[in-house]
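# Coordinates in review
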Amino acid sequence: MSLYEKFTEQAQKAIGYAQDEAVRLGASAVDTEHLLLGLVSDVTNSASRLLHELGVSPSRVHAEVRYQLEQATKRRVDEGQVTPRARRALELAYDEARLLGREDIDTEHVLLGLLREGNSMACRVLESLQVNLERARAAVRPSRREATSAPIPVPLRHNPAIAGLRGRDLLSIEDLSSEECSALLQLAADVKKATRAGEELVRWRRPHLLAMVFEKPSLRTRFTFEAAMVHLGGHAIYLSPSEIGLGKRESVPDVARNLERWCQVVMARVFSHQTLVELAQNAQVPVINALSDLEHPCQALADFQTLIEHRGDPEGKHLVFVGDGNNVANSLMLLSAKLGTHFTIACPPGYEPDARITARAREIASDTGSEITITHDPVEAVRTADAIYTDVWASMGQEHEAQQRRQVFLPYQVNAELMKKAQPSAMVMHCLPAHRGEEITDEVIDGPQSVVFDQAENRMHAQKAVLAALVGDW
Ligand code: CP
Ligand code: NVA
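Residues numbered from 1 in each chain as written. Chains lettered and ligands numbered in written order. Predicted model: local features only at pLDDT ≥ 70, side-chain atom pairs only at ≥ 80, totals over all residues. Heavy atoms only, no water.

Let's shift gears to the overall build of the protein. Within the protein, the regular secondary structure consists of 24 helices and 9 strands. Dimensions of the protein along its principal axes, counting C-alpha atoms only, are 90 × 55 × 40 Å. If you take every contact in the protein between residues at least 6 apart in sequence, the share linking residues at least 24 apart comes to 74%. Counting only carbon and sulfur atoms, one obtains 49% of the accessible surface of the protein, whose full area is about 20,200 Å². Of the charged side chains in the protein, 52 are positive and 65 negative; the average position of the first set lies 4 Å away from that of the second. (Helix = DSSP H or I, 4+ residues; strand = E, 2+ residues; numbered from the N terminus. Contact = heavy atoms within 4.5 Å. Areas by Shrake-Rupley, 256 points an atom, 1.4 Å probe, with all protein chains shown as cover. Lys, Arg positive; Asp, Glu negative; His and termini not counted. Charge placed at Lys NZ, Arg CZ, Asp CG, Glu CD.)

The predicted model of the protein averages 90 in pLDDT, with 94% of residues at 70 or higher. Averaged over each element, pLDDT in the protein is lowest for helix H10 (residues 154–157) (55) and highest for strand S5 (residues 318–322) (99). In the model, residues 142–154 has pLDDT below 50 throughout and makes 24 contacts with residues more than four positions away in sequence or in other chains. (pLDDT = per-residue confidence, 0-100.)

Moving on, we get to the site of ligand 2. With respect to spatial proximity, the complete set of residues near ligand 2 consists of Leu291, Asn326, Asn327, Val328, Asp391, Val392, Ser395, Met396 and Leu432. A distance of 2.8 Å separates a nitrogen atom of ligand 2 from a polar side-chain atom of Ser395. Taking a 2 Å distance to the grid points as the criterion, the majority of the atoms of ligand 2 fall inside the largest pocket. In terms of residue class, the shell around ligand 2 is built from 5 nonpolar, 3 polar and 1 charged. (Near = heavy atom within 4 Å. Polar contact = N/O pair within 3.5 Å; in protein donor to acceptor, adjacent residues only side chain to side chain. 1 Å grid on protein atoms, 1.4 Å probe; cavity = no way out; pocket = protein on both sides within 12 Å on 5 of 7 lines; lining within 4 Å. Sits in = over half its atoms within 2 Å of the grid points. Nonpolar A, V, L, I, M, F, W, Y, C, P; charged D, E, K, R; others polar.)

Core analysis: the largest hydrophobic core is formed by 67 residues, its most contacted members being Leu184, Leu210, Phe225, Ile288, Leu301, Leu332 and Leu467. Setting aside its immediate chain neighbours within four residues, Leu332 contacts Ala300, Asp303, Phe304, Leu319, Phe321, Phe343 and Tyr389. Grouped together as the second largest cluster of nonpolar side chains are 44 residues, Ile15, Ala22, Leu54 and Val110 included. (Core = buried A, V, L, I, M, F, W, Y, C linked by side-chain atoms within 4.5 Å. Buried < 20%, exposed > 50% of the residue type's maximum accessible area, 1.4 Å probe, protein only.)

What follows covers the site of ligand 1. What surrounds ligand 1 is the set Ser218, Leu219, Arg220, Thr221, Arg269, His296, Gln299, Cys431, Leu432 and Arg459. In this structure, an oxygen atom belonging to ligand 1 sits 2.8 Å away from a side-chain N or O atom of Arg220. The separation between a nitrogen atom of ligand 1 and a polar main-chain atom of Leu432 is 2.8 Å. Taking a 2 Å distance to the grid points as the criterion, the majority of the atoms of ligand 1 fall inside the largest pocket. Of the residues assigned to the shell around ligand 1, the class counts are 3 nonpolar, 4 polar and 3 charged.

The computed volume of the largest pocket comes to approximately 560 Å³. What lines the largest pocket is a set of 35 residues, and nearest its centre among them are Leu291, Asn327, Val392, Ser395 and Met396. Of all elements in the fold, only helix H13 (220–232) and helix H18 (327–339) reach the threshold of two or more residues within the lining of the largest pocket. Top contributing element to the lining of the largest pocket by residue count: H18, with 3 residues. (Points joined across faces, edges and corners; volume = space filled by probe spheres on them.)

Printed below as a string of structure tokens:
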């Protein structure tokens, strides 16, 4: 199939008009300005509609082309019917159409091709009318979405690190390579930008279902997974702690074997990490850890997305966790090691992170150049911190230890006094929910260094990236 045959009827018509314009203007070949005039010859096509949305009328395009032609002194040297520059713009139009998940090329793609080619008269005309590639791309997507329900799978299909995650479980940060962690974080950042612009960067072709299995309560995890599924074109079904009775009413393998028949992905928040392992072993569909006694990988991904937003490349940065060596600390330590971030935990003796995970993090760190430090001195730990992170002293399931832990952890409170020992630029992080007045004071969590609600927002974007990557239908 030739390139020309890939153009829609409207686009072929516009190219025909472009030829007429070239003849009318005495040109020996169709150049980009003729293509642009061809696009605006029909006010009903998608390029004209897009330009209209951007405040540009056909008469303004004509006037601007006339002006630019008067200014131009260039001679045409091309012999073919279409100049190489115009040909390149048409090829770029094809590329833009493909990036948007389209097999054919419509007039709006030709417009994008003209802008992408740059350095041409058409591009100068459009730029003087305040239409640049970024604005045009942003405007083209919503109208394209109305026209077709096909997904916009650009970053997934073209990124081998993301494509390789398809069908896999995410029980631990250990399940991801350093490259996959970085790719997911980049995708999460792209997803956030698109979500905020009202676009959908990734969307499944068919509706998908997520089973959300909860043995413990949740605000952020439940809401953000459900929101992410809606954004991706799917639906989430919440199964409350009392509903399933994992391992009591029904065995974990049997629950897995049921769920896999109904849904494309399972997430579970459990007491014992082993429950997740069993779910994953018995379900053909991907299983995602939504918090276990050992890890909280989705939290760690959202936290690093936040760290990167505020501090750039995580490599060589210093993340200091002050408090209990719990599930959140374990995942942060592993992700730090994967990304070359130095990680220090300041905890009371006896509350260090899991020994196997620490050993594994140190092994990974020896490859990435990160340093993993365990100390009992919070004051010393925070001095060189780029980010100071804390979490509750008693995690869900440890409520019976809460009172005793309050005594042990008191010197580890993140308060104004501790913050004075850190750099004034150090960020304050917390996965939430916070026990204000215990592990963190109001003054600090509500203070200018706190990014806790950015972390909460990023749960949604990071999980959307995870769901899109694991459950590939693009
Ligand atoms: N941070 C976090 O996982 O919050 P929830 O317990 O509310 O889900
Ligand atoms: N460590 C805490 C995290 C809550 C999101 C817990 O497990 O309860």
